Amino acid sequence: MKKFKNASKILIIGFMLVLLAACLGREELTVNDPAPLTDLSPDEYLNSAFKDAFPIHYESYLRNMGNGLPPVSKFIPEYEPYLPILFAGFPFEQEYNTTRGHTYAVEDVLNIARISDRSIGSCMTCKSTIVTPLLKELGDDYWAANFRGELLPLLEEMAAVGGLEELGEYGHVSIGCSDCHNPVTMELRITRPSLTNALARQGVDVTEATRNEMRTYVCAQCHVEYYFEPDLKKVRFPWDYGTKPEEMFEYFQTTALEEGFEYDYLHAVSGAPIIKAQHPEYELWSYGSHGRAGVSCSDCHMPFERRDDRRKISSHYWVSPMETIEQSCRTCHSDKTERYIIERVGEIQERHLDAVHEAQDLTVEAHYFVNRMITAGVPQNQINLAQAFVRESQWYTDIIAAENSDGFHNPQGSMDTLRMASDAANNAIKLATEELSKLNVDLDELRSEIIKVKEAVLNEEDPFLKHTHATNSFFPSQK
Ligand code: HEC
Ligand code: HEC
Ligand code: HEC
Ligand code: HEC
């Protein structure tokens, strides 16, 4: 009898433990739970509005404020010192910085020297949650609206909420919850029509996307190459022939040209018609080994994060996964030590940066050789040919240099592209050398003038003034 009593006690205690475990389990907020319903408006765009319903996500999101340091210039010798030459004649020559957290996107776009009185609404597209309500209100007039004159007043009005200071002046409307989530169901959603349209032209229906695909598509709304359509200035992704740099280049050489988009700027040194490349994280990922294996952006960049000892959420602190190797990488690569992973990534990035610098050096040289062709009076058809090589070389260099993982997302693809950049630059230099030799131009002098101009850019301490040394009396501006 006694025995039985004890056994039933154990059973009861055991049952309670199971219940308790089940309760604790339910506290785990994992992504496998059905999407929660909120009482927010379907048009909610303020990040602060999500704070009460999702305090731990909001707290994770707040970490994007980081240490609050200002952005760092990419022009310093440790990064890419010759960018002011590569962008000569285009607003990027003035200021180009490394990335900061999502909560700073609005502040940074408002302060960057590149934004001028002629900048347009499209520049806001990858920065703010107000884009969705604005597109609803303005329709296609949004894209070409004047950035300072028309959008800024709307932004100030929509961002004006008192009380919560933790996100800084514009953090309430910087990249946030409603960009990736339906505010009512919290399901992942695509808010930028440019992605929906680009995928549709590839025959992909985004409404059919799996959850795993959505874990990448939400990022692909912004971390992509794009250009502005000539008529409406609408943001478009050049993916009709694929997402490899050579496939996007083919698009720019055919479809985009036919529709009236020739270039972003004429280069001040070479006069070449240049396409400015932007952050193609999604594109490089898409044909790298992780993209091919279906490893999503969020797998590495939004790993599970434990909050106290019970709750587990997807991290909303978007930074280098090297800060969370255990959760970001060793979930799959458990056979590798953390140290091995750090070294392997370091090797990939070091090799990559060497190759980027090499391609940038060659492209810079090509620009100046073409400048000399112009000043020496080489026949125009040869100049045009050389400028076409420079356009190609600059595209392949820039599309890889602008990719933010320093080669990690696709080490092989990046190397292949940089080789195309160097080939095209060498073609320009070879053609220029032949033509200049015919005219007995002093090539030694040309080479030493190139060294001088590069040194002047390198030695200028003020990043905002570096571009002023890209042209001079020997290499006059072709603008
Ligand atoms: C850049 C896109 C993006 C932004 C911005 C974003 N989220 Fe998420 N969120 C995700 C992704 C991706 C997941 C994982 C969803 C999945 O796997 O189904 C997620 C998951 C969630 C979940 C489900 C539980 C979990 O942890 O997986 C909640 C709740 C959530 N986010 C709240 C928020 C809140 C609140 C904000 C704003 C402060 C926000 N999110 C901003 C992309 C985003
Ligand atoms: C609405 C556009 C948008 C979306 C959506 C978006 N990003 Fe970003 N992301 C940006 C911009 C813009 C920056 C640079 C902000 C700055 O420097 O002010 C950035 C910066 C970053 C950074 C660098 C942060 C740092 O501290 O340097 C990482 C990492 C990142 N994003 C990853 C992601 C991932 C992963 C996703 C998808 C889950 C995503 N982003 C979705 C626009 C976006
Ligand atoms: C297999 C893991 C993995 C996947 C998948 C992945 N990334 Fe990354 N990402 C990394 C690593 C590693 C770095 C380099 C971080 C460093 O240099 O410290 C990085 C760097 C970045 C950066 C620059 C961060 C910074 O601090 O400047 C951005 C932005 C970014 N990734 C966005 C994306 C987007 C968008 C996707 C999906 C299209 C994606 N990543 C897919 C691992 C990944
Ligand atoms: C969801 C699983 C998954 C995650 C998470 C993941 N990987 Fe991988 N990784 C893979 C797969 C699958 C491959 C491809 C293996 C193959 O092709 O043989 C791979 C390949 C690699 C390779 C060699 C291929 C190449 O790109 O050159 C490296 C290096 C690597 N991963 C590093 C990392 C790092 C660093 C992280 C974290 C930032 C990470 N991985 C996160 C699954 C993952």
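Residues numbered from 1 in each chain as written. Chains lettered and ligands numbered in written order. Predicted model: local features only at pLDDT ≥ 70, side-chain atom pairs only at ≥ 80, totals over all residues. Heavy atoms only, no water.

*Asks:* Can you break down the overall build of the protein chain residue by residue, with the values?
*Replies:* Scanning the protein chain from N- to C-terminus turns up 20 helices and 6 strands. In terms of its C-alpha atoms, the protein chain occupies a principal-axis envelope of roughly 115 × 50 × 45 Å. For the protein chain, the residues scored as buried account for 48% of the 479 residues in total. Look at the contacts in the protein chain between residues 6 or more apart in sequence, and 71% of them connect residues 24 or more apart. Surface summary for the protein chain: the accessible area is close to 23500 Å², and the carbon and sulfur share equals 54%. Within the protein chain, the 73 negative side-chain charges are centred at a point lying 8 Å from the centre of the 45 positive side-chain charges. (Helix = DSSP H or I, 4+ residues; strand = E, 2+ residues; numbered from the N terminus. Buried < 20%, exposed > 50% of the residue type's maximum accessible area, 1.4 Å probe, protein only. Contact = heavy atoms within 4.5 Å. Areas by Shrake-Rupley, 256 points an atom, 1.4 Å probe, with all protein chains shown as cover. Lys, Arg positive; Asp, Glu negative; His and termini not counted. Charge placed at Lys NZ, Arg CZ, Asp CG, Glu CD.)

*Asks:* Give a description of helix α5 (residues 131–138) that names residues and reports values.
*Replies:* Buried residues of α5: Val131, Pro133, Leu134 and Leu135, and no others. Of the surrounding secondary structure, the elements contacted by the buried residues of α5 are α6 (141–144), α7 (147–159) and α9 (193–201).

*Asks:* Can you explain the coordination of the iron atom of ligand 1? Please cite residues and give values.
*Replies:* In an ideal tetrahedron of four donors about a metal, each angle is 109.5 degrees. In an ideal octahedron of six donors, the angles are 90 or 180 degrees. The protein atoms donating to the iron atom of ligand 1 are His181 (NE2) and His316 (NE2), with metal-donor distances spanning 1.9 to 2.0 Å. Of note is the iron atom of ligand 1, whose 6 donor atoms meet at the metal with angles of 87 to 179° in an arrangement that counts as octahedral. Linking His181 in the loop between α8 (177–180) and α9 with His316 in the loop between β6 (311–314) and α16 (325–328), this pair joins segments that are 135 residues apart in sequence. A relative accessible area of 16% places His181 in the buried class. (Donors = N, O, S within 2.8 Å, 3.2 Å for Na, K, Ca; no water. Tetrahedral: all angles 85-135°; square planar, octahedral: opposite > 155°, others 65-115°.)

*Asks:* Kindly report on the nonpolar core, identifying the contributing residues and their values.
*Replies:* If you look at the biggest cluster of nonpolar residues, it comprises 57 residues, and the most contacted ones within it are Trp239 and Trp395. Looking at this core, you find at least three residues from each of domain 1 (47–336) and domain 2 (339–469). Discounting residues that sit within four places of it in the chain, Trp395 has contacts with Glu225, Pro245, Met248, Phe249, Phe252, Ile275 and Ala277. Judged by nonpolar contacts, the second largest core, of 42 residues, contains Phe75, Ala88, Val269 and Ala425. (Core = buried A, V, L, I, M, F, W, Y, C linked by side-chain atoms within 4.5 Å. Domains from an automatic or database assignment.)

*Asks:* I'd like to hear about the UniProt feature "coiled-coil region" (unreviewed entry) in the protein chain, residue by residue, with values.
*Replies:* In the numbering used here, UniProt assigns the "coiled-coil region" (unreviewed entry) feature to residues 422–456. Taken as a whole, residues 422–456 contains 89% helix and 0% strand, while its terminal C-alpha atoms sit 24 Å from one another. (UniProt positions renumbered as here; feature names shortened; annotations may be inferred.)

*Asks:* Describe the site of ligand 3, naming the residues involved and giving the relevant values.
*Replies:* Taken together, 20 residues lie around ligand 3, and Cys297, Cys300, His301, Ser320 and His409 are the ones closest in. Contributions of two or more residues to the shell around ligand 3 are made by α13 (281–286) and α15 (297–301). Class assignment of the residues belonging to the shell around ligand 3 gives a composition of 9 nonpolar, 10 polar and 1 charged. Each of domain 1 (47–336) and domain 2 (339–469) contributes no fewer than three residues to the shell around ligand 3. (Near = heavy atom within 4 Å. Nonpolar A, V, L, I, M, F, W, Y, C, P; charged D, E, K, R; others polar.)

*Asks:* A description of the pattern of salt bridges should follow, citing residues and the corresponding values.
*Replies:* With the rule as written, the count across this model stands at 21 salt bridges. With its nearest N and O atoms 3.0 Å apart, the salt bridge here joins Lys136 to Asp43. With Lys136 in helix α5 and Asp43 in the loop between α1 (2–27) and α2 (55–62), this pair connects stretches of sequence that are 93 residues apart. When its relative accessible area of 42% is taken as the criterion, Asp43 is described as partly exposed. With its nearest N and O atoms 2.6 Å apart, the salt bridge here joins Asp108 to Arg100. Several salt bridges share partner residues, and in doing so they unite Arg100, Glu107 and Asp108 into one network. (Salt bridge = Lys/Arg side-chain N within 4 Å of Asp/Glu carboxyl O.)

*Asks:* Residues and numbers for the packing of aromatic side chains, please.
*Replies:* Under the criterion given, the structure shown has 22 aromatic pairs. Centroid distance Phe474 to Phe475: 4.9 Å. Interplanar angle 85°. Geometry classified as edge-to-face. Accessibility expressed as a relative area gives 0% for Phe475, which makes it buried. In textbook terms, an aromatic cluster arises when at least three aromatic residues are bridged by ring pairs, as seen for Tyr227, Tyr241, Phe249, Tyr251, Phe252, Phe261, Trp395 and Tyr396. The ring of Tyr104 has Arg100 lying over it, and the distance from NZ or CZ to the ring centre is 3.8 Å. It is Lys312 that lies over the ring of Phe304; its NZ or CZ is 4.7 Å from the centre. (Phe/Tyr/Trp six-rings, centres within 6.5 Å; stacked < 30°, edge-to-face > 60°. Lys NZ or Arg CZ within 6 Å of the ring centre and 35° of its normal.)

*Asks:* Break down the packing of helix α17 (residues 338–376) against helix α20 (residues 443–459) for me, with residues and values.
*Replies:* Axis separation between α17 and α20 bottoms out at 11 Å; the angle between their running directions is 125°. The orientation of α17 with respect to α20, classified from their angle, is oblique. Between α17 and α20 lies a crossing of right-handed hand. Where α17 abuts α20, its residues Asp361, Val364, Glu365, Tyr368, Phe369 and Arg372 lie against Leu443, Leu446, Arg447, Ile450, Val453 and Lys454. When its residues are assigned to classes, the contact of α17 with α20 shows 7 nonpolar, no polar and 5 charged. (Axes fitted to C-alpha atoms, helices over the stretch in contact; angles between N-to-C directions. Parallel < 35°, antiparallel > 145°, perpendicular 65-115°, else oblique. Left-handed = near helix turned anticlockwise from the far one by under 90°.)

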